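Overview (structure and organization)
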Amino acid sequence: MTHPRGAAAKSAAMSAALSGAVDLSGLKARADSVRRQPPAPGGPGSPPAAERSADSADSAGSTAAVFEVSEATFQTDVVERSMNQLVVVDLWAEWCGPCKQLSPLLERLAKEAGGAWVLAKVDVDANPRIAQLFGVQSIPTIVAIGGGQPVDAFSGALPEPEIRKWLDSLLDALRDKLPGIRAAEEANGVEPVEEPDDPRFVLAEDAFEQGDYAAAQAAYERILDEEPANDQAKLALTQVKFTARAEAADPESVARAEADPADLDAQLAAADFELADQRVEDAFKRLVDVIRRTSGDERNRVRQHLVELFELFDSADDRVTKARRNLASALF
């Protein structure tokens, strides 16, 4: 996702690291523990004052555009809410000068949004575990949460036009995934502008649907020649290449690979066949094992093939996570 112009390079790096890589369920156990404690305020085992304050505001925060969040309410107010609408988390502190400029701006924009997105404010001094969860190194830090995961972030007090552009890009990207965005826009009489289909992608997709994988591959490669950083084209190209190989896969490739472990072509073909046959872990293990016993150009060829197979899955898929760990162990 494109970051606002003028955002620091570290903000882009932070966003890339956050996206799909932070387990936001990390505070769930803490929240459940707090909720199980006796409710008597100030009594033994009752939650700290900051958490009681946040809990008492929870019912109001359920419909408010701006609300405070604590470690105890993070799971409900941020993670679960983000399954329906965009939640922007503002990590701030009383002593932070830039926060005093940015926070009021975000609050105003959230109220103007009419429910298309909401602002969850986190005092990092009162809730250090939330800051640790995101690996925050400076404040203000702003993290966008959608579908239960971080999707983008920036740090520092950016100008209003850049923040509006950032928010618009997030809403555009998540509109079809989070029903609350479109519902809020419809309730406010906002008609989202649908961008026309890119004819280059239409051409590639038509070729793919017709089974002309060579033409589809060529079309996506032309897009990447013009836009080397186009992630949509990169992913589509990987999918086209694999689909072509999978349809041509020979069931006997696994037997040939078992008969001759040194035959790289057979090993790659066998992994493709296993993946197409839904034997995902077998395919990953096969290539990791080949990497363990090869070196130089041969190892790099197999590693590249394996990484391309990873790209066919969600990065949070447990099978991919496990295979990536095994790959790192095999390489280093």
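To keep things clear, this report deals only with the structure shown in the data block. (Residues numbered from 1 in each chain as written. Predicted model: local features only at pLDDT ≥ 70, side-chain atom pairs only at ≥ 80, totals over all residues. Heavy atoms only, no water.)

**Observations concerning the side chain of Gln 85**
Within the fold, Gln 85 resides in the loop between helix 5 (74–80) and strand 2 (86–92). Aside from chain neighbours lying at most four places away, what touches Gln 85 is Gly 115, Ala 116, Val 118, Ile 145, Leu 178 and Gly 180. (Helix = DSSP H or I, 4+ residues; strand = E, 2+ residues; numbered from the N terminus. Contact = heavy atoms within 4.5 Å.)

**Observations regarding the state of the cysteines**
Counted under the stated rule, the structure contains one disulfide. Paired through a disulfide, Cys 96 and Cys 99 show a sulfur-sulfur distance of 2.3 Å. Disulfide Cys 96-Cys 99: the torsion about the S-S bond is 85°, which places it as right-handed. Classification of Cys 96 by relative accessible area gives buried; the value is 3%. (Disulfide = S-S within 2.5 Å. Buried < 20%, exposed > 50% of the residue type's maximum accessible area, 1.4 Å probe, protein only.)

**A closer look at helix 8 (residues 160–174)**
For helix 8, which comprises 15 residues, the first-to-last C-alpha distance of 21 Å matches the rise-based estimate of 21 Å (1.5 Å per residue) to within 8%. Taken together, the buried residues of helix 8 touch strand 2, helix 6 (97–112), strand 3 (117–123), strand 4 (141–146), strand 5 (149–155) and helix 9 (179–187). (Expected span 1.5 Å × (residues − 1).)

**Topic: the packing of helix 15 (residues 280–292) against helix 16 (residues 296–310)**
It is at 9 Å that the axes of helix 15 and helix 16 come closest, and there the two elements cross at 160°. It follows that helix 15 is roughly antiparallel to helix 16 by the angle criterion. Considering how the two elements wind past one another, helix 15 and helix 16 form a crossing that is left-handed. Side by side, helix 15 and helix 16 meet where Phe 284, Leu 287, Val 288, Val 290, Ile 291 and Arg 292 of the first sit next to Arg 299, Val 302, Arg 303, His 305, Leu 306, Leu 309 and Phe 310 of the second. (Axes fitted to C-alpha atoms, helices over the stretch in contact; angles between N-to-C directions. Parallel < 35°, antiparallel > 145°, perpendicular 65-115°, else oblique. Left-handed = near helix turned anticlockwise from the far one by under 90°.)

**Digging into the packing of aromatic side chains**
Applying the stated criterion across every chain, the model contains six aromatic pairs. When the centroid spacing of 4.8 Å and the interplanar angle of 90° are considered together, the rings of Phe 154 and Trp 166 count as edge-to-face. Of the two residues, Phe 154 sits in strand 5 while Trp 166 sits in helix 8, which places them twelve residues apart along the sequence. Its relative accessible area of 0% is what places Phe 154 among the buried residues. Between Phe 284 and Phe 313, the aromatic rings sit 5.8 Å apart at their centres with planes inclined by 75°, giving edge-to-face as the arrangement. With Phe 284 in helix 15 and Phe 313 in the loop between helix 16 and helix 17 (318–331), this pair connects stretches of sequence that are 29 residues apart. Here the aromatic cluster, defined as three or more aromatic residues joined through ring pairs, consists of Phe 284, Phe 310 and Phe 313. (Phe/Tyr/Trp six-rings, centres within 6.5 Å; stacked < 30°, edge-to-face > 60°.)

**Points about the sheet that holds strand 4**
Taken together, the five strands give an open sheet; going across it, the order is 1-3-2-4-5, and neighbouring strands pair in mixed fashion. The sheet is open, and its two edges are formed by strand 1 (66–68) and strand 5, each paired on a single side. The average undirected angle you get between the axes of adjacent strands in this sheet is 25°. Pairing analysis gives six bridges linking strand 4 to strand 5, with the strands arranged antiparallel. Paired with Ala 144 across the bridge in strand 5 is Asp 152. (Pairing = 2+ DSSP bridges.)

**Considering the environment of Ala 207**
Locating Ala 207 in the fold gives a position in helix 10 (residues 199–209). In this structure the C-alpha to C-alpha distance between Ala 207 and Ala 218, which are eleven residues apart in sequence, comes to 9.9 Å. Apart from the residues lying within four places of it in its own chain, the contact partners of Ala 207 are Asp 212, Ala 215 and Ala 216.

**A short note on helix 9**
When we look at burial in helix 9, the residues that qualify are Gly 180, Ile 181, Ala 184 and Glu 185. The arc that holds every buried residue of helix 9, seen down its axis, measures 135°, which confines them to one face. Residues Pro 179, Glu 186 and Ala 187 are exposed on helix 9 and point more than 90 degrees away from its buried face. The secondary structure elements touched by the buried residues of helix 9 are strand 2 and helix 8. Note on helix 9: the residue one or two positions beyond its end, Gly 189, has a positive phi of about 75°. (Arc of directions from axis to C-beta.)

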